[in-house]
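Fold and geometry: a report
So the chains spell out like this:
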Amino acid sequence: MNLVKENITNLTSLWRLVNQRTEVYKPGETYDHGLVNYSNWPNRLWFHGDPDLKSINEARAIIASASTKMTIPYWDIYQNESYRLLEEAGFVKVLDQVGMSLELPKTYPLEVEIELQKVDNRASALRWEALFEKAFNYTISHRLLLKTCDTVDYLIAFHEGKAVGTVVLHYTRGAVVGIHSMGVIPEMRRKGYAEKMMHAVLSQAVGEAFAYATLQASAMGKGLYLKLGFKEQFLMSNYKLRQHISAADYNI
């Protein structure tokens, strides 16, 4: 199995699903995109392969005219420096993430201290939205959750009855679970909850017989994932148009 490809496919298929359910998905020959004007996410334009100057200029025109800021992810898997074309077109890198994967064991023996509750109604979707915004300082609308929670697991993490954070699980090809949007709210940080949440997520994935887990780690989170056995695969750089950037955009 090509885990680099599976990692990227899991991520982009999540964006595609959300955009399709909200009827804003725009597929193309060289790139796809979608813009949800009431949410900060996903709002992405992603290339199918190594971007060239023509496709980048087309993408720039779409993003420059959009009513809401959009992000372009760039994966360093092409063994060249085509990202320079993005920068020459006026895009600025706002965040790096590391694509990582883990081959899951057959059993997960550690005691799990976190309870994961799935969003399945408006009240839980609103609570997830509020917790996510506290953890990440931007908004994923509860309306998106309600449109996709039949397929995607939006989870609230609890410890001893207290909500501590959020996580999203997205499943592709029957063998891969993608871990996304894992965050701990500020008042619960530095208490070991991120690691406890990951143990709960991995235990659930093993119990459901998934073979691999994938994620995209921030610099802050990478150390934890390496400790848990994840392997680094690639760098994903996130770009925005220079004129659309504000201080908040460096945490997308």
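Each remark here, short or long, concerns the structure printed above.
Remember, it's a predicted structure, so these values are computed and weren't measured experimentally. (Residues numbered from 1 in each chain as written. Predicted model: local features only at pLDDT ≥ 70, side-chain atom pairs only at ≥ 80, totals over all residues. Heavy atoms only, no water.)

Section: the packing of aromatic side chains
- Counted according to the given criterion, the structure contains 11 aromatic pairs.
- Ring centres of Phe136 and Tyr138 lie 6.3 Å apart, and the angle between their planes is 70°; this geometry places the pair in the edge-to-face category. The residues Phe136 and Tyr138 share a single accessibility class, namely buried.
- Between Tyr225 and Phe230 the ring centres are 5.8 Å apart and the planes differ by 65°, which places this aromatic pair in the edge-to-face class.
- The exposure class assigned to Phe230 is buried, which follows from its relative accessible area of 1%.
- An aromatic cluster is present here, built from Trp128, Phe132, Phe136, Tyr138 and Tyr154 joined pairwise through their rings.
- Positioned above the aromatic ring of Tyr38, the side-chain terminus of Arg143 is 3.6 Å from the ring centre.
- Sitting above the plane of the Tyr193 ring, Lys196 keeps its charged end 6.0 Å from the centroid. (Phe/Tyr/Trp six-rings, centres within 6.5 Å; stacked < 30°, edge-to-face > 60°. Buried < 20%, exposed > 50% of the residue type's maximum accessible area, 1.4 Å probe, protein only. Lys NZ or Arg CZ within 6 Å of the ring centre and 35° of its normal.)

Section: the environment of Glu87
- Take Glu87: it is sitting in helix H3 (residues 83-88).
- With relative accessibility at 32%, the residue Glu87 sits in the partly exposed group.
- With 155 residues separating them along the chain, Glu87 and Arg242 place their C-alpha atoms 9.3 Å apart. (Helix = DSSP H or I, 4+ residues; strand = E, 2+ residues; numbered from the N terminus.)

Points about the environment of Ala205
- Within the element layout of this structure, Ala205 appears in helix H6 (residues 193-207).
- Classification of Ala205 by relative accessible area gives buried; the value is 4%.
- Ignoring anything within four residues of it in the chain, the contact list for Ala205 reads Leu104, Val177 and Phe210. (Contact = heavy atoms within 4.5 Å.)

Quick word on the sheet that holds strand S8 (residues 176-184)
- Reading across from one edge, S3-S10-S4-S9-S8-S7-S6-S5 is the order of the eight strands in this open sheet, with mixed pairing throughout. The outermost strands of the open sheet, each flanked by one partner alone, are strand S3 (72-75) and strand S5 (115-118). Neighbour-to-neighbour, the strand axes of the sheet open up by a mean angle of 30°, direction not taken into account. (Pairing = 2+ DSSP bridges. Axes fitted to C-alpha atoms, helices over the stretch in contact; angles between N-to-C directions.)

Some points on the side chain of Ser13
- Examined against the element boundaries, Ser13 turns out to sit in helix H1 (residues 3-21).
- When residues no more than four places from it in sequence are discounted, the contact partners of Ser13 are His170 and Thr172.

A closer look at H6
- Counted at 1.5 Å a residue, the expected span for H6 with its 15 residues is 21 Å, and the 21 Å between its end C-alpha atoms agrees.
- For H6, every residue scored as buried is listed here: Tyr193, Met197, Met198, His199, Ala200, Val201, Leu202, Ala205 and Val206.
- Of the residues one or two after H6, Ala209 is the one with positive phi, at around 70°. (Expected span 1.5 Å × (residues − 1).)

Details of the nonpolar core
- Judged by nonpolar contacts, the single largest core of 65 residues is most densely connected at Ile179, Met198 and Phe230.
- Counting residues per element, this core draws most heavily on H6, which supplies eight residues.
- For Ile179, the contacting residues outside a window of four places in its chain are Val167, Val168, Leu169, Met198, Val201, Leu202, Ala213, Thr214, Leu215 and Phe230.
- Counting residues in each nonpolar core, the second largest holds 15 residues, with Tyr31, Leu86, Ala89 and Tyr239 among its members. (Core = buried A, V, L, I, M, F, W, Y, C linked by side-chain atoms within 4.5 Å.)

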